[in-house]
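# Coordinate inspection notes
As a plain string of letters, each chain reads:
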Amino acid sequence: MPDLSAKIREVVQKMLREQEVELVIGFEQGSMPLHSTPCFIRNEEDAQRLVWNSFCDNNLAKYLVKRPEKVAIVAKGCDTRAIVELIKEKQVPRDQVVIIGIPCQGMVDRRRIEAELELNEILEYEEQDNKLTLKGDGFTKTVNRDEYLYPCCQACPHKNPTTYDILIGDMVAEQAPDQYPDIAEFEAKPPEERWQYISGEVNKCIRCYACRNACPLCYCKECFVDKTHPQWIGKTTDTNDTFIFHLMRAFHLAGRCVECGACERACPMEVDIRKLNRKLAADVKELFGYEAGTSLDQIAPLATFRPDDPEEFMLGV
Amino acid sequence: MKAKVIKKDDIAGFLDSLLKEYEVFAPVKRDRLVVFDRIHSGKEAFLNYTTSITSPKEILLPQSETLFTYSSTDSAADVEVPSGEERPRLIFGIHPCDVKSLIFLDRIFNEEEYKDAYYLGRRHAMVVVSMGCIKPRATCFCTSVGGGPFSTEGSDLLLIDIGDEYIVQVISDKGEKLLGKAHLEDAGEDRLSLMKRVTQDAEASMAPKLNIDGLKEKLDKMFDDPIWDLLAEKCISCGVCTYLCPTCYCFDIVDETRNSGGERLRLWDSCQFPLFTLQASGENPRPTTKERYRQRIMHKFSYLIDNCGQIGCVGCGRCVTECPVNLDIRQVLTAISNR
Amino acid sequence: MKNPYLPTPMRIERVVVETEDKNIKTFSLSFLHKEDEANFKYVPGQFAELSVLGKGEAPFGMASSPTQTGRLEFTVNKMGLVTTELHSMEPGETIGIRGPLGNGYPVEALEGKDIVVIGGGFGFSTLRALTNFMLDKRNRSRFGDITVIYGARNPGLLLYKEELPEWAKRDDLQLYVTVDRGDEDWKGKVGVVPVIAKEAAPRADNAYALVCGPPIMIKFTLPVVQELGFSPERVLLSLEMRMKCGLGKCGRCNIGNKYVCRDGPVFTLAQLNHLPAEY
């Protein structure tokens, strides 16, 4: 992964100096190794804090909704997809956001690395090209970055920003479009096995709603889970209620989810949240030929109606 | 203090004997995570861990708790409270920080004026066998909030890992009684010196204490300080910190229908959720993350000290490692102290 | 110790529609079991959680004085899940109650003083309970002059329409009823509560001012009351917050180191000035 930190700082400092924007949202070093954290930069001096590394995984588009000021935002491929959808849904005016697009080579799954190292806590790390060197009390381990990417990054079909105002770093080669082979494989299983897996995942959920809160496309003022009249689902961790929560949220995100993985990363219980989202993304692609966040001109299929929309659910048609 | 020794290989058997008399809760492995759960056989216990993802508070305060059931919504006279516990509970392998959270929860749910029958039903005869932390994490800060990796506060027995064996420190009579049938050897000089080395190394390895002397006094004057706008700017109000926190206990009460009747439930809730203080009129005294995050800090590090004499934090570090945006409470407390 | 989460059953005896828009009703309730009534000892200003099984609970101040035995009255504004269900209920149906909760008005401190009650809109219900408590012939002599200033947005929204004329007839009470905007039938005062309070200019020496109403009314009434000479220790307010347990445990109504449901809902202005402005 190229070290673009210096270039990002330079660009941001210039933007602030020339008063092009009032606020820049980017990443800075986190309080633990293998973490970066969102930062809000308002002056040139603070711009020195900005970094770019294999742990800039947050989807910063989350912070764009309802901003009174003009904002610049550091955005990876998936983040720009989220911004595109937010613009189309009129949550962010296009002229109020300056997209600093960064071609992304995937973010590293720190939980996987930590799990492999078990009780050996990582106290320091270094990143150089494709290598991550991890140091702790009495050990050093070097791994290849590529072998530890998040699942959503491994399959990512849009590493390059789909829309941007400024590009920092060279465009990277895109992978083949996502054919959702994992979904086809899962669907081929017998129903009992599928339900066993899904209910197993659902039973891990503690209904903390971190997935919802981390998702940039979940911006409803009143979420359906909080409505009291009518009350759509119960609030306990009952399997059925919890399953309906995940199912409904996935449906609300159909055609809008950009598969950035923010939900999975936020989940403390490591629930496989993206499975349902991916199924619906696969369906939307098949039925409507649409992929979220790739075009500012295409209206999301569930936000519009075309007379030639597929109607395979209609009998006798 | 009396100290015995038990081989790690004998732990499963010891737990099996305890299972005859107690409902035993211990850390168990679930995929990559460790959670506290009821065990039915000694070998389910997984003791080689640093922090469980969810805290043991769910043993005393489940995520959802039935306050009472009603067979029909017509008559408020016809309610039934679930029957109390039958066998006493034992928590095994809990770390001292989490034990301190139990002491804290006692101050809330077992007061002079308020005795929570549901909580006490689970807590009243509880035996606590804790485990010292020989490898504290860099994110642990128990020593900054009045705790320590080998603190015996609230425990009946404390286990300390010295290799193939555990030293068993006998803290209370309850703990002594527990060992009754196990016939453990006394820990001799050699083992005790080893224990001393292990504990000293562990204590020395902890991150430096946070300087939070005088924090409460500072906080009490800082309610309107503009620093809160900056401190909580990246917070996304997801509530993970409150759900995983061993001392967060705020709850919601809702009615849920089951057929013609239903139940009134007490559920985990979070002051970080916007709905927490939303009034029916639409007014919300804490409309943004700033007010809500400020409430979290003020409640834990000031108001609770006034109300029950204990800081609402045990330094377990769960909120630090699990916050999706790495909003680190240690950095927040330091920033406030330095103000 | 009785489980404080269990509701005690009550029967709805009478429902009075208070306002023209039918959004506010006063429910008159009786205890199903006599011993529950004997155990329910309260002072004006306290509240209870009314329980509608299947919908939930909501807090309401007691709108009737404890001197009125056999009945408990609650004035309910239809706003959410529980109140909507309550509004659809008829005499004969049962609901649950948990209480009395909260601190209530400091009746002992009020004795021997002149009392100035200033209420607006829906917040008047507990002040009405206090007024009736003081007016009761067993209690009246313990209090000095009583001034009641009560207003609503328009005549249709005035509460306790049958009771107000009875109060007006009394010579041991000075009553001012006002509306923000009158209609063709309205013959009384027109003006917002703070303005009428200023006009009425009740004396502040040896007096307490009790203020309750919507936030906007309180905002403009407090300066008037302070100008009249009431010190912050002599001004009492009743706060409204989202509440659930009513016992100071669930955390919802926490302000500073106080819980509105347990340490309040009645606070002096002096106390509120020490609390963070989060209400």
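Residues numbered from 1 in each chain as written. Chains lettered and ligands numbered in written order. Predicted model: local features only at pLDDT ≥ 70, side-chain atom pairs only at ≥ 80, totals over all residues.

Turning to helix α8 (residues 239-252) of chain A, a few remarks are in order. All names here are of chain A. Here α8 is 14 residues long and its end C-alpha atoms lie 20 Å apart, about the 20 Å a rise of 1.5 Å per residue gives. Among all positions of α8, only T242, F245, H246, R249 and A250 are buried. For α8, the arc enclosing every buried residue in end-on projection is 125°, short of the 170-degree limit, so these residues lie on one face. (Helix = DSSP H or I, 4+ residues; strand = E, 2+ residues; numbered from the N terminus. Expected span 1.5 Å × (residues − 1). Buried ≥ 20, exposed ≤ 12 C-beta atoms within 10 Å, placed from the backbone. Arc of directions from axis to C-beta.)

On to the interface of chain C and chain B. Each side of the interface is counted separately: chain C has 32 residues, and chain B has 36 residues. For the side of chain C that touches chain B, the elements supplying multiple residues, two or more each, are β4 (56-61) and β6 (94-101) of chain C. When residues in the side of chain C that touches chain B are grouped by element, the largest group, three residues, is from β6(C). Its residues assigned to classes, the side of chain C that touches chain B comprises 14 nonpolar, 11 polar and seven charged. (Contact = placed C-beta atoms within 7 Å. Nonpolar A, V, L, I, M, F, W, Y, C, P; charged D, E, K, R; others polar.)

All names here are of chain C. What the seven strands build is an open sheet, ordered β10-β9-β8-β7-β11-β12-β15; its pairing is mixed. Two strands in the sheet have a free side with no partner beyond their single neighbour: β10 (189-190) and β15 (266-268). One ladder, built from six bridges, connects strand β8 (residues 146-152) with strand β9 (residues 174-179); its direction is parallel. Bridged to I149 within β9 is Y176. (Pairing = 2+ DSSP bridges.)

All names here are of chain C. Structurally, chain C comprises domain 1 (8-101) and domain 2 (107-238). Of the residues lining the interface, 17 residues belong to domain 1; the matching set on domain 2 comes to 16 residues. Broken down by class, the residue content of the side of domain 1 that touches domain 2 amounts to six nonpolar, eight polar and three charged. (Domains from an automatic or database assignment.)

Moving on: the environment of B:D255. Positionally, B:D255 belongs in strand β11 (residues 251-258). For B:D255 and B:M1, which are 254 residues apart along the polypeptide, the C-alpha to C-alpha distance reads 50 Å. With residues up to four places along the chain from it excluded, the contact list for B:D255 reads B:G262, B:R264, C:L53, C:G54, C:K55 and C:G56.

Here we come to the domain arrangement of chain B. Residue and element names in this part refer to chain B. Split by domain assignment, chain B resolves into domain 1 (3-205) and domain 2 (215-337). The centre of domain 1, based on its C-alpha atoms, is set 25 Å off from the matching centre of domain 2. Where the side of domain 1 that touches domain 2 is concerned, the elements lending two or more residues are β4 (64-70) and α3 (96-109). The element that contributes the greatest number of residues to the side of domain 1 that touches domain 2 is α3, accounting for eight residues. Among the residues forming the side of domain 1 that touches domain 2, the class breakdown is 14 nonpolar, 15 polar and six charged.

Our focus in this paragraph is unusual backbone geometry. A cis amide bond, omega -5°, links C:G99 with the succeeding residue C:P100. Along the polypeptide, C:P100 turns up in strand β6. Residue C:G264 is joined to C:P265 through a cis peptide bond whose omega torsion reads 5°. For C:P265, the location among the structural elements is in the loop between β14 (258-259) and β15. Positioned with a positive phi, A:R207 is a non-glycine residue whose angle comes to about 55°. Positionally, A:R207 belongs in the loop between α6 (191-202) and α7 (210-214). By C-beta crowding, A:R207 is classed as buried, having 21 other C-beta atoms within 10 Å. A positive phi angle, close to 55°, is found at B:D31, a residue other than glycine. Tracing the backbone shows B:D31 in the loop between β2 (23-30) and β3 (33-38). Assessed through the 9 C-beta atoms surrounding it within 10 Å, B:D31 is described here as exposed.

Another point: the interface of chain A and chain B. Between chain A and chain B, the contact holds 29 residues from the first and 33 residues from the second. Residue assignment for the side of chain A that touches chain B shows that the elements contributing at least two residues are β2 (36-41), α7 and α9 (262-266) of chain A.

Let's shift gears to the confidence of the model for chain C. For chain C, per-residue confidence averages 93 on the pLDDT scale, and residues scoring 70 or more make up 100% of the total. Scored as a whole, the predicted complex attains pTM 0.93, and scored at its interfaces, ipTM 0.94. (pLDDT = per-residue confidence, 0-100.)

Before going further, it helps to examine the sheet that holds strand β5 (residues 122-128) of chain A. Residue and element names in this part refer to chain A. Ordered in space as β5-β6-β7, the three strands form an open sheet in which the pairing is antiparallel. The outermost strands of the open sheet, each flanked by one partner alone, are β5 and β7 (139-144). Shown here is a sheet whose adjacent strand axes are inclined to one another by a mean of 20°, direction ignored. By the bridge criterion, six bridges tie strand β6 (residues 131-136) to β7 in an arrangement that is antiparallel. Residue T133 lies in a different strand from β7, and its bridge partner there is T142. (Axes fitted to C-alpha atoms, helices over the stretch in contact; angles between N-to-C directions.)

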